[in-house]
Amino acid sequence: MVRRSLSLPPPAVYTGPAQRIWRRNVAATLDEIRENFSLLDDWEDRYRYVIELGKELEPLAEGDHSEDNKVRGCVSQVWLKPHLSADKVDPVLTFVGDSDALIVRGLIAILHATYSGKPVSEVLSIDPEAIFNELNLREHLTPQRSNGLRSMVERLRKIAQDAGG
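Residues numbered from 1 in each chain as written. Predicted model: local features only at pLDDT ≥ 70, side-chain atom pairs only at ≥ 80, totals over all residues. Heavy atoms only, no water.

With an unreviewed UniProt entry as reference, the chain is termed Cysteine desulfuration protein SufE, source organism Pleomorphomonas carboxyditropha. Recorded in UniProt under Sequence similarities (unreviewed entry), the annotation for the chain is "Belongs to the SufE family." (UniProt positions renumbered as here; feature names shortened; annotations may be inferred.)

This part takes up the nonpolar core. The biggest cluster of nonpolar side chains holds 42 residues, and the ones touching the most others in it are Ile33, Phe37, Ile108, Leu111, Tyr115, Leu137 and Met152. Among the secondary structure elements, those contributing two or more residues to this core are α1 (30-39), α2 (43-55), β1 (78-84), β2 (92-99), α3 (102-115), α4 (120-125), α5 (128-134) and α7 (143-162). The leading source of residues in this core is α3, at nine residues. Contact partners of tyrosine 115, with chain neighbours within four places excluded, come to Leu93, Phe95, Val123, Ile126, Pro128, Val153 and Leu156. (Core = buried A, V, L, I, M, F, W, Y, C linked by side-chain atoms within 4.5 Å. Buried < 20%, exposed > 50% of the residue type's maximum accessible area, 1.4 Å probe, protein only. Helix = DSSP H or I, 4+ residues; strand = E, 2+ residues; numbered from the N terminus. Contact = heavy atoms within 4.5 Å.)

On to the sheet that holds β1, then. Strand order in the open sheet formed by three strands is β1-β2-β3, and the pairing between neighbours is antiparallel. Looking at which strands have only one partner, the edges of the open sheet turn out to be β1 and β3 (118-119). Pairing geometry for β2 and β3, over two bridges, is antiparallel. Looking at β3, one finds that leucine 93 is bridged to lysine 118. Its contacts with the sheet put α7 on β1 and β2, and the angle it makes with β1 is roughly 20°. (Pairing = 2+ DSSP bridges. Axes fitted to C-alpha atoms, helices over the stretch in contact; angles between N-to-C directions.)

Its 20 residues give α7 an end-to-end C-alpha distance of 28 Å, which sits within 8% of 28 Å, the value for a rise of 1.5 Å per residue. Those residues of α7 lying buried are Ser146, Gly148, Leu149, Ser151, Met152, Val153, Arg155, Leu156, Ile159 and Ala160. In this structure, the buried residues of α7 make contact with β1, β2, α3, α4, α5 and α6 (137-140). (Expected span 1.5 Å × (residues − 1).)

Running from amino to carboxyl end, α1 crosses α2 at an angle of 155°, the nearest separation of the two axes being 10 Å. With respect to each other, α1 and α2 are oriented roughly antiparallel. Crossing handedness for the pair α1 and α2: right-handed. Along the contact surface, α1 presents Glu32, Ile33, Asn36 and Phe37, while α2 presents Trp43, Arg46, Tyr49, Val50 and Leu53. Looking at the contact of α1 with α2 residue by residue, the classes come out as six nonpolar, one polar and two charged. (Parallel < 35°, antiparallel > 145°, perpendicular 65-115°, else oblique. Left-handed = near helix turned anticlockwise from the far one by under 90°. Nonpolar A, V, L, I, M, F, W, Y, C, P; charged D, E, K, R; others polar.)

Moving on, we come to the packing of aromatic side chains. Summed over the entire model, instances satisfying the criterion amount to two aromatic pairs. Judged by centre distance (5.9 Å) and plane angle (70°), the rings of phenylalanine 37 and tyrosine 49 are edge-to-face. Here phenylalanine 37 is found in helix α1, whereas its partner tyrosine 49 is found in helix α2, with twelve residues between them in sequence. The same class applies to phenylalanine 37 as to tyrosine 49, namely buried. (Phe/Tyr/Trp six-rings, centres within 6.5 Å; stacked < 30°, edge-to-face > 60°.)

Written out as structure tokens, the structure is:
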């Protein structure tokens, strides 16, 4: 497994247990996120880690901050730009996303690790509630953020369904 070292700009330098397993500019896998969450004892550290995940997201081109890519049902502004491979039988879904809120960018990073790069049939078989419960996300998000997270998942699942998954 590749180890990562977490770095936040001063004064909020992160020195928690997951510091040694973070590398900048590389998207985390869902297994890495799970492992990192298991090393973090309190939600404050997990919250900072989720924010750091969001900082590592691939940037969304300015032109992709469009109404077509905007996710409805989120308190923050959220954009998800999907791409489907040319495979007619089971296309692969990839996406980039952005938000005006750092914590939401982190949630997008978790969704990216969960869904992006997977065939649409697999996207539709993923139980997002089980993943969110495992990470205790629902317990620590406001109802508005939880609704926004649900809206992002619904958007990705609709794209997969429309692609024939």
